[in-house]
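# A look at the structure
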Amino acid sequence: WTDHSWTVHREAMTVQREKEEAEERKRVEEEEAAAEAARAEAAANPPPVDPAADGEAEAEEQEDPRSEPSEASEVDLDGEKELLLDLETSAFGHLWLSFEDSARVVVSMDYEKWTDPTDRVYSPKKRRPGVQVLYLTQAGFRFQVLSDGTLVQSWPLAPSASEEFNPKPLLGLGVEPSAAFLPGSKADEEISRSILRSGIVCRTLLSGRVEVLHPDGTFAWRNPTEEELQGRVEALRRVGGAQLDTVVTMMQVYQSGFLRLASITPASLEAGIPGHWLVTRLDGTRVGRAACPQLPDPVEPPPAAAPAAGEEAPAEPAAPEQPELDPAEAELRQQLLNLPGAVEAQGTVEYDLPAVDSHRDIDPHTQQNIFTNSASVLRFDDRDGKRRTCLFGDGTRLEWAQTSSGYEVVVQKQRLAKVVCGVEKSAYTPKTKLIVECHDGTFLEITPQVINDKGELVEASPNRGAPPPTNAGMILRRPDGSIVRSFGDGEVDVIPKSMVVAMGEKEVLQRPNKENTYVAHCHSNELRLDDSEGNNFIVRGDNTLQVELAVSISGEEETASPRCEQSMVPYKHPDSAFLPLPTATPEPRLFVVYGDGEGEEILSPGTVAEIMRMARSDANTAVVDGDPLGTPMLGCSSHTIFTETSSCTPAVPVSPLRLPPIIAGSDLQMDQPWAGSAGMHQMITKASPAAAVEDEAKFTMFRQLIEYPAIPQAAREQYLAGFEKYGIWEREHAAAHEVIGKQSNARNVAQQ
């Protein structure tokens, strides 16, 4: 439609719509008048009163409206209407989203923690189920954001844990399993890690062992129990691989009784009794903690009845039988209390362990405080105490820095994502935020949330005594500019990169409306899209589609089912002859494959412009524009994109680390500035064997776009005319060509 014709058409539709609205108002007024007359007649002639029916009605009114609500009900609390939802009848859904590079996002409601059956009815103003967001990269790295804002990272495991600790030779020769296969050994590789909002890292190893790394240098771990390790074996049997052999060997160590509580030795205490937490502080002091069976509460004797007047006092009632612990639990309790320095409090026993070696020093050049212990922990603090760095034995680095409103913790490790935890305790609105930098250039911004008194999701306070977070908002920023935003209660916005480029990220995230944005409602299992013309489209999880057009002459919003009865027949909207065409539609993709196996894709100028924009924004990419081509492609030009890549899995580079001179062993002099130590930088940036392997795996990948010259209209018409003449000539000589072909085939047969 042209602008003028569309204006005239819109005016005609407006008149038609006003006419329909007037008829609808008239119909509603007539129905209301008829209903009012019926009520007046019923009041004039009341039905006979039934006392039994009144009693039943009164009982129904007194029944608690929250006892058995349906999908949604309203109750009157303190004079205000409150909406209640039933968890069992709620229609929750999942959002699955795939990107061009095969990366995926999955958003699902997190309601499994509501395990209490009496807790299934809830008010959205007081609490709401959170969501879990999973981002899966093309390389197989998983980033899962839990409903409380915790980040869980996992990655594909190597085919073999370690050739040096391969258990197959030991199993084949019948050698006794050694301490090399204890949980926490080199063979027990890390399979995932969780990062809390405070910057604490929880590592989960192959055996089920959990290690906790604190920013202050405290190191804690817990070995799995024999039952937990057996569960790991059964889980890995369904997968197979070298990891199964490693865990089976660890199970043999457990079955040998080396770590059993009944035979506690200094070696078993050092390795960690299964199920016990071992905590090593920075100064070397250590304690163990374990859950202790509780003594049952004593049963009080019933109070004696008061004697009646003139009667003797009754005899004292027999003392009730006191409950006792199960013999196995009683033995376990006694064993725990017999540990050195054991103290019981609130169901937990804490006992003393021998301290490990530790050392403290002060760097004479920088005045940094340096702490280290034999638990493979190194920490050095700036002399003003505003910054400290902790290095752990697995390669994890935790950098704590004081900020104007709190502190910041940076979590880094080779080949893993970089995570920045910002904690603002003294801000006007205390809050926490996690920034995750993935290896593919994607950024995750996580904000733990709680519900305030108004029923709104706000930032959760990290201060002591504040309620823990129940929800978590998240913004996922892709390298191409597209954004996925989760609000923490099931609502998710999918914002295309074209809108972000046109409007800017800040304007897109702060705009009041959500035009041209996919909005998923996981709490109601539907996906909604509202375009700029006022048309609404809703797709529900039961495969139903609801269309609400801004303009409709006939009043019908969609075609009747079945929509496709005959092939090659278009089924259109009833008003398709009058409705305007969309301003932009997805471009068709055209591929040309030649006989020699090469192929090309025909691209539009807009697609090429987007490809070149993304290439220029990549630091590892070089672009060569407008290079003219020679024969046989005279007049054409090439646009080549060179990208430096590697066959190894991409990783986020770890920030340079400046060790204190007393540790690095550099020749830093007192009068030299700290940042200018050439020896120090050489020491830190020295290439490792892993870096040498990555250098060998690097290569340059190129992509070439060929720009063809525009075809003048006269040349196009000349070509079409010649093509038409050729078709006529081919049809006229088709019979002669058929005879020639038969004769040629006959001669070939005779020669054979």
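In this text the structure is predicted, and so the values were computed from the model without any measurement. (Residues numbered from 1 in each chain as written. Predicted model: local features only at pLDDT ≥ 70, side-chain atom pairs only at ≥ 80, totals over all residues. Heavy atoms only, no water.)

### Some thoughts on the overall build of the protein chain
Where we set the bar: Helix and strand assignments follow DSSP, with helices taken as H or I runs no shorter than four residues and strands as E runs no shorter than two, numbered in order from the N terminus. For the exposure calls, accessible area comes from a 1.4 Å probe over protein chains only, and a residue counts as buried if that area is under 20% of its type's maximum, exposed if over 50%, partly exposed in between. When checking whether two residues touch, look at their non-hydrogen atoms; a contact exists if any pair is within 4.5 Å. Per-residue and other accessible areas were derived by the Shrake-Rupley procedure at a 1.4 Å probe size, with only the shown protein chains allowed to occlude residues.
Along the backbone of the protein chain there are 15 helices and 38 strands. Here the protein chain, with 752 residues, has 34% of them falling under the buried criterion. For the protein chain, restricting intrachain contacts to residue pairs at least 6 apart in sequence, the fraction spanning at least 24 positions comes to 49%. As displayed, the protein chain has an accessible area near 46,300 Å², and 54% of this comes from carbon and sulfur atoms.

### Re a nonpolar patch on the surface
How we decide: Each patch is built from residues lacking any salt bridge and having more than 30% relative accessible area; the joining distance is 9 Å for like charges and 5 Å for nonpolar side chains (Val, Leu, Ile, Met, Phe, Trp, Tyr). Take a side-chain nitrogen of Lys or Arg and a carboxyl oxygen of Asp or Glu: if they are within 4 Å of each other, that pair is a salt bridge.
Among the surface-exposed residues, Y518, L527, V539 and L545 lie close enough to one another that they form a single nonpolar patch of about 330 Å² accessible area. When you line up the elements, L545 lands in strand β33 (residues 545-548). Take L545: its relative accessible area is 44%, and that puts it in the partly exposed class.

### Some details on the packing of aromatic side chains
Our working definition: Aromatic rings from Phe, Tyr and Trp, with only the six-membered ring used for Trp, were paired whenever their centres fell within 6.5 Å, and each pair was classed as stacked if the ring planes differed by under 30 degrees, edge-to-face if by over 60, and tilted otherwise. Any Lys NZ or Arg CZ found within 6 Å of a ring centre and within 35 degrees of that ring's normal is scored as a charge over the ring.
Under the defined criterion, the tally for this structure stands at seven aromatic pairs. Ring centres of Y719 and F723 lie 6.2 Å apart, and the angle between their planes is 25°; this geometry places the pair in the stacked category. Highlighted residues: Y719 and F723, both in helix α14 (residues 713-732), separated by four residues, approximately one helical turn. Per residue, the accessibility class of Y719 equals that of F723, and both read exposed. Among the aromatic residues, those joined into a ring-pair cluster are F219, W221 and F392. One residue, R388, lies across the ring of W400, its end atom 4.2 Å from the ring centre. If you follow R478 out to its NZ or CZ, it ends over the ring of F99, 4.4 Å from the centre.

### Here's the deal with the nonpolar core
The condition is simple: What we call a nonpolar core is a set of buried Ala, Val, Leu, Ile, Met, Phe, Trp, Tyr and Cys residues that are connected through their side-chain atoms within 4.5 Å.
Residues F143 and V436 are the most contacted members of the largest nonpolar core, which totals 60 residues. Excluding its chain neighbours within four sequence positions, the residues that come into contact with V436 are F143, L151, A417, K418, V419, T442, F443, L444 and I446. By size, the runner-up hydrophobic cluster in this structure holds 15 residues, among which are L182, L236, Y254 and A271.

### Looking at the confidence of the model for the protein chain
Worth spelling out the cut-off: A residue's pLDDT is simply how confident the predictor is in it, with values from 0 to 100.
In the predicted model, the protein chain carries a mean pLDDT of 79, and the fraction of residues at 70 or more is 76%. Overall, residues 48-71 carries pLDDT values under 50, and its contacts beyond four positions in sequence, including any with other chains, amount to 16 contacts. Taken together, the stretch residues 667-693 has pLDDT below 50 and engages in 28 contacts with residues farther than four places along the chain or on a different chain.

### With respect to the sheet that holds strand β36 (residues 621-628)
Backbone-to-backbone hydrogen bonds pair the strands of a sheet. The strands run either parallel or antiparallel. Note the threshold: Strands pair, by our definition, only if DSSP identifies at least two bridges between them. For helices, the fitted axis covers only the stretch in contact; all axes are lines through C-alpha atoms, and the angles between them, taken along N-to-C directions, range from 0 to 180 degrees.
A sheet is described by the order of its strands in space; here three strands give the open sequence β36-β37-β38, paired in antiparallel fashion. At either end of the open sheet lies a strand with only one pairing partner, and these are β36 and β38 (698-707). Shown here is a sheet whose adjacent strand axes are inclined to one another by a mean of 20°, direction ignored. Here β36 pairs with strand β37 (residues 637-646) via six bridges, running antiparallel. Note that in β37 the partner of V623 across the bridge is I641. Relative to the sheet, helix α10 (residues 605-616) contacts β36, β37 and β38, its axis offset from that of β36 by approximately 135°.

### What to know about the pattern of salt bridges
For the coordinates displayed, the defined rule picks out 31 salt bridges. For R128, the salt bridge identified is with D489, shortest N-O distance 3.1 Å. One end of the pair, R128, is in the loop between β5 (121-122) and β6 (130-136); the other, D489, is in the loop between β28 (483-486) and β29 (491-495), with 361 residues separating them in the sequence. Assessed through its relative accessible area of 17%, D489 is described here as buried.

### Remarks on the environment of P224
Relative to the helices and strands, P224 is located in the loop between β12 (219-222) and α4 (226-237). Residue classification places P224 among the buried positions, given a relative accessible area of 1%. Considered as a pair, P224 and I273 are 49 residues apart in the sequence and their alpha carbons are 8.7 Å apart. Look past the residues within four positions of P224 in its chain and what remains in contact with it is P183, S207, G208, R209, L229, Y254, P274 and G275.

### Here we look at the pairing of strand β13 (residues 277-280)
As paired strands, β12 and β13 are joined by four bridges and run antiparallel to one another. Its bridge partner lying in β13, W221 is registered against L278. Both β13 and strand β14 (residues 286-291) contribute to a ladder of four bridges, which runs antiparallel. Looking at the pairing, L278 lines up with G288 of β14. The antiparallel hairpin formed by β13 and β14 contains five residues in its connecting segment, where G284 sits at a positive phi of about 100°.

### Points about the environment of V494
By the secondary structure assignment, V494 is in strand β29. In this structure V494 comes out as buried when scored by relative accessible area, which is 14%. Put simply, V494 and A520 are 26 residues apart on the chain and 8.0 Å apart in space, counted from C-alpha to C-alpha.

### Points about unusual backbone geometry
Residues T631 and P632 are joined by a peptide bond in cis, for which omega reads 5°. Even without a glycine there, the phi angle at R415 is positive, about 70°. Relative to the helices and strands, R415 is located in the loop between β22 (406-412) and β23 (418-424).

### So, the side chain of D363
The test is simple: Under the counting rule used here, the positive set is Lys and Arg, the negative set is Asp and Glu, and His together with the chain ends is not counted.
The residue D363 is located in the loop between β17 (358-362) and β18 (369-373) in this model. There is no salt bridge for the buried D363, and the closest opposite charge comes from R383, which lies 9.6 Å off by N-O distance. With sequence-adjacent residues up to four places away left out, D363 is seen in contact with Q368, I370, P660, P661 and I662.

### Details of the pairing of strand β35 (residues 599-602)
Examined bridge by bridge, strand β34 (residues 590-593) and β35 share four bridges and lie antiparallel to one another. By the bridge assignment for β35, L590 is matched with I602. Counted along the chain from β34 to the antiparallel partner β35, the turn is five residues long, and its residue G597 has a positive phi close to 100°.

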